[in-house]
Amino acid sequence: MKKPIPALALLTFCAAVWLPPSSASAVPKLDIKVAVGIGSTTIVPRVPTIDLYEEDPPPNPGDTQEMTYSGTVGGKNASSFFNWGMQIGARVTFDNKFFVEMNAGFSRFYFTYGEQLTLIAIAEGQDPDIVERLTGQRVRMNQMEIPLTAGYRPYANPYFKIFVYGGLVNTFNIRGFVELDGNRKGLQFRPGDVPGYTIAPYLAGARAGVQFDLGPLNFDVNYTIGMNSLTKTDFRTNTHVFKVFLGWLF
């Protein structure tokens, strides 16, 4: 009986020729990331323009009462405020080029309850006493963010990598606080409870950004534009969010 060794050797040789070994680059690479960041949130309410007039007393009894133009309110009035946040996520890179990333985190932005919000609240019939207490106060809004992004890595070496990406950011407004009489939590409210400025509970955003890996350090610079209105009002409120994150890769 002939031994099957020559036949087995021939089969092994053919497999080595026709079936190339799998490349390490074909194995997806997983990076776990923890990051903290700061940035700015720009709020642009598109309030309809309204001309204001004041009544002038008639010079003589029986004369027609006249109205004097006193100014215009409304229009686009952009205001930028500080924000900060923290997040944890996972980035999976395929074939050392394309990647997808999902994060979940906490974010907070600030805005001021200014004169324009006061005018809107009074026009909507809100309690003047509450509105007066809010006017000029700083409001803090807590949020939960879930960014879902994908992109491409155009350059990499053993020490430095560049990633460009875009995607969707799901933002859920959770709870807000107003500083009153020196108390940082003088008034707590849900997003829909802000007089004259009912904040939407959910905000979708389109994000574009770039990341840099320097060893285990990750730098993430991104910009997000709101796809729906920040407020549940008759007018639209646009948002523009800029953030810079510093993260650590595991």
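Above this text you will find the structure in question.
Now for a quick tour of the structure. (Residues numbered from 1 in each chain as written. Predicted model: local features only at pLDDT ≥ 70, side-chain atom pairs only at ≥ 80, totals over all residues. Heavy atoms only, no water.)

### Observations concerning the pairing of strand β4 (residues 98-112)
In regular strands, side chains alternate between the two faces of the sheet.
Thinking step 1. By the bridge criterion, 12 bridges tie strand β3 (residues 79-94) to β4 in an arrangement that is antiparallel. Across the sheet, residue R91 finds its bridge partner in β4, namely E101.
Thinking step 2. Once β3 ends, the chain turns through 3 residues before running back antiparallel as β4, passing D95 with a positive phi of about 55°.
Thinking step 3. Where β4 lies against strand β5 (residues 138-156), 13 bridges are found, and the strand directions are antiparallel. When the bridges of β5 are listed, E101 appears paired with T149. (Pairing = 2+ DSSP bridges. Helix = DSSP H or I, 4+ residues; strand = E, 2+ residues; numbered from the N terminus.)

### Structural notes on the pattern of salt bridges
Thinking step 1. All chains considered together, the criterion is met by 7 salt bridges.
Thinking step 2. Among the salt bridges present, the one from K29 reaches D31, with a minimum N-O distance of 2.6 Å.
Thinking step 3. On the basis of relative accessible area, K29 is assigned to the partly exposed category, the value being 41%.
Thinking step 4. Given a relative accessible area of 7%, D31 falls into the buried group.
Thinking step 5. A salt bridge links D213 to R91, with the shortest nitrogen-to-oxygen separation between them at 2.5 Å. Residue D213 is found in strand β8 (residues 202-214), and its partner R91 is found in strand β3; the two are separated by 122 residues along the sequence. Neither D213 nor R91 differs from the other in exposure class; each is buried. (Salt bridge = Lys/Arg side-chain N within 4 Å of Asp/Glu carboxyl O. Buried < 20%, exposed > 50% of the residue type's maximum accessible area, 1.4 Å probe, protein only.)

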